[in-house]
Amino acid sequence: MKKFNSLLIMFAAVVIVFTSCIDGNDKPVDTIIPGTDDVLLIDSNITTNTTWETGKTYVLGGRIAVTAGNTLTIQPGTIVKGEVGSGSNATALIIARGAKIDAQGTATSPIIFTTVADEITPGEISSPNLEPNLSGLWGGLIILGKAKASLAGDVTETQIEGIPASDTNGLYGGTDNADNSGILKYISIRHGGANIGEGNEINGLTLGAVGSGTVIENVEIIGNQDDGIEWFGGAVNVKNAIVWNAGDDGFDTDQGWAGTLDNFIVVTGGETDHALEIDGPEGSYNVGHTLKNGTVKGNGVSELGDFRDGARGTFENIYFFNFADPATTDGRGDLSLSGDKTLATFAGGNLKFMNLQATLADGVALTTVFKSGTAEYATIVAAGANTVGADKSAFASTWSWTSASGAISNLK
């Protein structure tokens, strides 16, 4: 870590060049990296216990890993910015297996991860120059652990997607479901999901075999080009999570995640594919997870959920609204069970739905939206009459840009 002054102008120029080359968004034409003494460049892996301080901005100069045996502490109000880039130039912060992150923001002083194209400074919640649907300007936050994952071939470890196989800090998996990768509280991750290869983007928050000893509460993901949060196995529990404008899926689960997501909101964007994408185990380790107390706001291009490849788990107290009529949109706007393996887990009681509610377009039948028998566990309610869903008070505007923008103001 080193302070930089003369490099500021160079970084600004690099940002402009990279910004103009990334497809799919209207990019800012200029960028400002605020301050001098309070902006610090991180250009190598973190190999000792390190603290990033309140009131300062830290710029990730590349793919940065906190290596095993070390803890990165990020104080409340700190801003972390990734340089703009894709492919081998994509920036990300990786918490490797055996390392920890202690990032505890507060309800009035969150920790913000964003791009250097963002002019936000410590103390601000909303970006002063970027729109919340702008994506792909850096990578994201990746946390890797030693918990179990259901992997093809019943191997115990593998490389996380989005990180080249040559980087061993990208390995995840093990046998310790109580593994502890640290603490995340009051975190906002924005404008990420850089593409490192064809169809291979980085999620806003990636959790690879993260154990239940890890604490994750009050997190939001905004404008990520891939998924908002994706779990790959593990047993970590997540509480109070919000995803706004995901480019692919809001929440995506894979490889036998055994934890619980409690109190969540998905606000789909113009490119969101599925609000929920739930995949089954890949190996013989068969476990499920729980998603409960959620509110999902759709649009004309998104699906409620796709449950695939023998998906397992319990999905309860979830409210869906503002989705299209699947009959007129080639299946957009439905909740589907894909494939014989998923139909079998549903029939066998390993995939459960309880207390689903939905406000549907006029004249749309429940069975048109909730496929393969799932309509039995869903009811139609008038707009605003839902009795299940998220407690949006957890996402107060003092820490959440989604809330401060008014994007969830019409949620009950």
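The shown structure was predicted, so the numbers you read here are calculated from the model rather than taken from an experiment.

## Here's the deal with the overall build of the chain
When helices and strands are tallied, the chain shows 4 helices and 29 strands. A globule of 412 residues ought to have a C-alpha radius of gyration of about 22 Å, and the chain, at 20 Å, matches this closely. Principal-axis analysis of the C-alpha atoms gives the chain an extent of 65 × 45 × 35 Å. A burial count over the chain gives 58% of its 412 residues as buried. Looking at the chain alone, contacts between residues at least 24 apart form 71% of all its contacts between residues at least 6 apart. Of the roughly 14,500 Å² that the chain leaves accessible, carbon and sulfur atoms contribute 47%.

## Brief notes about the sheet that holds strand 11 (residues 141-144)
Ordered in space as 5-8-11-17-19-21-23-25-27, the 9 strands form an open sheet in which the pairing is parallel. Every other strand in the sheet has two partners, leaving strand 5 (63-66) and strand 27 (335-338) as the edge strands with one partner each. Strand-to-strand twist in this sheet, taken as the mean axis angle between neighbours without regard to direction, amounts to 10°. Two strands pair when backbone bridges link them, and strand 11 and strand 17 (residues 205-208) are joined in this way by 4 bridges, in the parallel orientation. Within strand 17, the position partnered with Ile142 by the bridge is Thr206. Where helix 2 (residues 340-347) meets the sheet, it contacts strand 25 (303-308) and strand 27, and its direction lies at approximately 105° from that of strand 27.

## Focus on the packing of aromatic side chains
Scanning all chains against the criterion turns up 16 aromatic pairs. Ring centres of Trp231 and Phe251 lie 6.0 Å apart, and the angle between their planes is 40°; on these two criteria the pair is classed as tilted. Placement of the pair is Trp231 in strand 19 (residues 229-232) and Phe251 in strand 21 (residues 251-254), with a sequence separation of 20 residues. For Trp231, a relative accessible area of 0% corresponds to the buried category. Taken together, the aromatic side chains of Phe307, Phe315, Phe346, Phe353 and Tyr377 make up a single cluster linked through ring pairs.

## Quick notes on the pairing of strand 20 (residues 237-244)
Across the 8 residues that make up strand 20, a large majority, 6, are buried. For strand 18 (residues 215-222) and strand 20, the ladder comprises 7 bridges, and the chain directions are parallel. For Val215, the partnering residue across the bridge sits in strand 20 and is Asn237. Pairing analysis gives 6 bridges linking strand 20 to strand 22 (residues 260-267), with the strands arranged parallel. Bridge pairing in strand 22 links Lys239 to Asp262.

## Structural notes on the side chain of Asp334
Along the chain, Asp334 falls in the loop between strand 26 (313-321) and strand 27. For Asp334, which is buried and forms no salt bridge, the nearest opposite charge comes from Lys371, at a distance of 4.6 Å. Here Asp334 is in contact with Glu303, Leu304, Gly305, Pro326, Thr368, Val369 and Lys371, once residues within four sequence places are set aside.

## A short note on the pairing of strand 18
Taking burial as the measure, the 8 residues of strand 18 include 6 buried ones, the bulk of the element. The pairing of strand 14 (residues 182-190) with strand 18 spans 7 bridges and is classified as parallel. When the sheet's bridge partners are listed, Ile183 is paired in strand 18 with Val215.

## With respect to the environment of Phe346
Position of Phe346 relative to the elements: it lies in helix 2. Sequence separation of Phe346 and Gly373 is 27 residues, and the distance between their C-alpha atoms is 9.1 Å. Sequence-distant contacts of Phe346, that is, excluding residues within four places in its chain, are made with Leu337, Leu351, Phe353, Ser372, Gly373, Thr374 and Tyr377.

## A closer look at the pattern of salt bridges
Counted under the stated rule, the structure contains 8 salt bridges. Salt bridges sharing partners connect three or more residues here, namely Asp273, Glu303 and Arg332.

## Some remarks on the side chain of Asn299
As for its placement among the helices and strands, Asn299 is situated in the loop between strand 24 (289-297) and strand 25. Taking relative accessible area as the criterion, Asn299 reaches 16% and is therefore assigned buried. Within polar-contact distance, the side chain of Asn299 engages the backbone nitrogen of Val301 at 3.0 Å. Look past the residues within four positions of Asn299 in its chain and what remains in contact with it is Thr268, Gly269, Gly270, Asn322, Phe323 and Ala324.

## Looking at helix 2
Those residues of helix 2 that fall on the buried side of the exposure criterion are Thr342, Thr345 and Phe346. For helix 2, the arc enclosing every buried residue in end-on projection is 100°, short of the 170-degree limit, so these residues lie on one face. Looking at helix 2, the residues exposed on the side facing more than 90 degrees away from the buried face are Asp340, Lys341 and Ala347. Packed against the buried residues of helix 2 are strand 25, strand 27 and strand 28 (351-359). Gly349 lies just past helix 2 and shows a positive phi near 85°.

## Focus on the confidence of the model for the chain
In low-pLDDT regions, the fine details of the predicted coordinates are not to be read closely. With 90% of its residues at a pLDDT of at least 70, the chain reaches an overall mean of 91. A low-confidence stretch, residues 1-35 (pLDDT under 50), is modelled with 74 contacts involving residues beyond four sequence positions or located in other chains.

About the cut-offs
- Residues numbered from 1 in each chain as written.
- Predicted model: local features only at pLDDT ≥ 70, side-chain atom pairs only at ≥ 80, totals over all residues.
- Heavy atoms only, no water.
- Helix = DSSP H or I, 4+ residues; strand = E, 2+ residues; numbered from the N terminus.
- Rg over C-alpha atoms; globule rule 2.2 N^0.38 Å.
- Buried < 20%, exposed > 50% of the residue type's maximum accessible area, 1.4 Å probe, protein only.
- Contact = heavy atoms within 4.5 Å.
- Areas by Shrake-Rupley, 256 points an atom, 1.4 Å probe, with all protein chains shown as cover.
- Pairing = 2+ DSSP bridges.
- Axes fitted to C-alpha atoms, helices over the stretch in contact; angles between N-to-C directions.
- Phe/Tyr/Trp six-rings, centres within 6.5 Å; stacked < 30°, edge-to-face > 60°.
- Lys, Arg positive; Asp, Glu negative; His and termini not counted.
- Salt bridge = Lys/Arg side-chain N within 4 Å of Asp/Glu carboxyl O.
- Polar contact = N/O pair within 3.5 Å; in protein donor to acceptor, adjacent residues only side chain to side chain.
- Arc of directions from axis to C-beta.
- pLDDT = per-residue confidence, 0-100.

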